[in-house]
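# A look at the structure
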Amino acid sequence: MDSYKELLDFGKEYLREKKIENGDLDAWLLMEYVCKISRTWYFVHEEDQVKEEESRDYRKLIRKRGEHIPLQQLTHEAYFYGMRFYVDENVLAPRPDTETLVEEVLKELPGDQEAEILDMCTGSGCILLSILANREKAQGTGADLSEKALAVARRNSRDCQIQARWIHSDLFENIRGKYDIIVSNPPYIRTSVIQGLMEEVRIHEPYMALDGHEDGVFFYRSILEQAGNYLKPEGLLAFEIGYDQGETVSSLMKDRGYKRVKIVKDLAGLDRVVTGRINQEGLYV
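One structure accompanies this document, and this report is about it. If you're wondering where the values come from, they're calculated on a predicted model, not measured in any experiment.

For the rest of this paragraph, the subject is the side chain of Ser 250. Relative to the assigned elements, Ser 250 resides in helix H12 (residues 246-255). With relative accessibility at 4%, the residue Ser 250 sits in the buried group. One polar contact links the side chain of Ser 250 to the main-chain carbonyl oxygen of Glu 247, over a distance of 3.0 Å. When near neighbours in sequence (up to four residues on either side) are disregarded, Ser 250 contacts Val 261, Ile 263 and Val 274.

Listed below in structure tokens is the structure:
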């Protein structure tokens, strides 16, 4: 039987051989997940024997991680904006960069304000649920083309005990009513770039959540063509963008008549969010 130290050393070495980025950290996180232990506990008990079942489960997950299956898909959990979300192969794992989008929406939405929010291309629902968790008077709707993604969003809604509506829709096809805020992290990677992405993303994450078509801004244009019909006067439209899309997306918004358009950088100093407001009449040119 393995000790905890021997088992962890196996995991680290195996992931190094498979050239897994941050493999040492992943080896620890998988041990933490399987054995339900903390670092403090480990350093006191590292020579203790691991239960046979836990050793078997750990080695199985390490080998799957060696196949470049994302860690979050193995543990079925990801942390985003201080909350834990369920994820699987049907949704993109939440990225820390996307927290910038949540932050910007919260800045524009006072805590005592009632608001209707639409999250277009909602995926796991983490953006909408994070906003609703911090704004008790807001109500939210998440829309996605993928029924499997919506199943994940509904599960997260139940797990977080946050009520929201979830709609199967090809962009605005099944959307009704008007909203104070439309937020979206749509697919924005150029088709030609996808094959050069890390294997974890290219093979194991849903292609339809990545592919922004030839120029990467297909969905921004498509959303902007209709968003004005679903925003209330002075309504906010907020996008996550790729690091090199700030000027393009902000120009598209200005061309559609949005005002107070701004580009927001993430913690790495890269363009990450574009926001703007519809004019007072709720129309765009």
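This part is about unusual backbone geometry. Only a minority of non-glycine residues have a phi that is not negative, and only a minority of peptide bonds are not trans. At Leu 171, a residue that is not glycine, the phi angle is positive and equals roughly 50°. The topology assignment puts Leu 171 in the loop between strand E5 (165-168) and strand E6 (179-184). With relative accessibility at 11%, the residue Leu 171 sits in the buried group. Within the chain, Arg 260 stands out as a residue other than glycine whose phi angle is a positive 50°. Of note, Arg 260 is situated in strand E8 (residues 259-265). Classification of Arg 260 as exposed rests on a relative accessible area of 56%.

Before going further, it helps to examine the packing of helix H1 (residues 4-17) against helix H4 (residues 52-66). It is the contact of H1 with H4, at a shortest axis distance of 9 Å, that shows an interaxial angle of 15°. Looking at the two axes, H1 sits roughly parallel to H4. Taken as a pair, H1 and H4 cross one another with a handedness that is right-handed. Taken together, the residues of H4 that come into contact with H1 (itself represented by Tyr 4, Leu 7, Leu 8, Phe 10, Gly 11, Tyr 14 and Leu 15) are Glu 54, Ser 55, Tyr 58, Arg 59, Ile 62, Arg 63, Arg 65 and Gly 66.

Rules of the game
Residues numbered from 1 in each chain as written. Predicted model: local features only at pLDDT ≥ 70, side-chain atom pairs only at ≥ 80, totals over all residues. Heavy atoms only, no water. Helix = DSSP H or I, 4+ residues; strand = E, 2+ residues; numbered from the N terminus. Buried < 20%, exposed > 50% of the residue type's maximum accessible area, 1.4 Å probe, protein only. Polar contact = N/O pair within 3.5 Å; in protein donor to acceptor, adjacent residues only side chain to side chain. Contact = heavy atoms within 4.5 Å. Axes fitted to C-alpha atoms, helices over the stretch in contact; angles between N-to-C directions. Parallel < 35°, antiparallel > 145°, perpendicular 65-115°, else oblique. Left-handed = near helix turned anticlockwise from the far one by under 90°.

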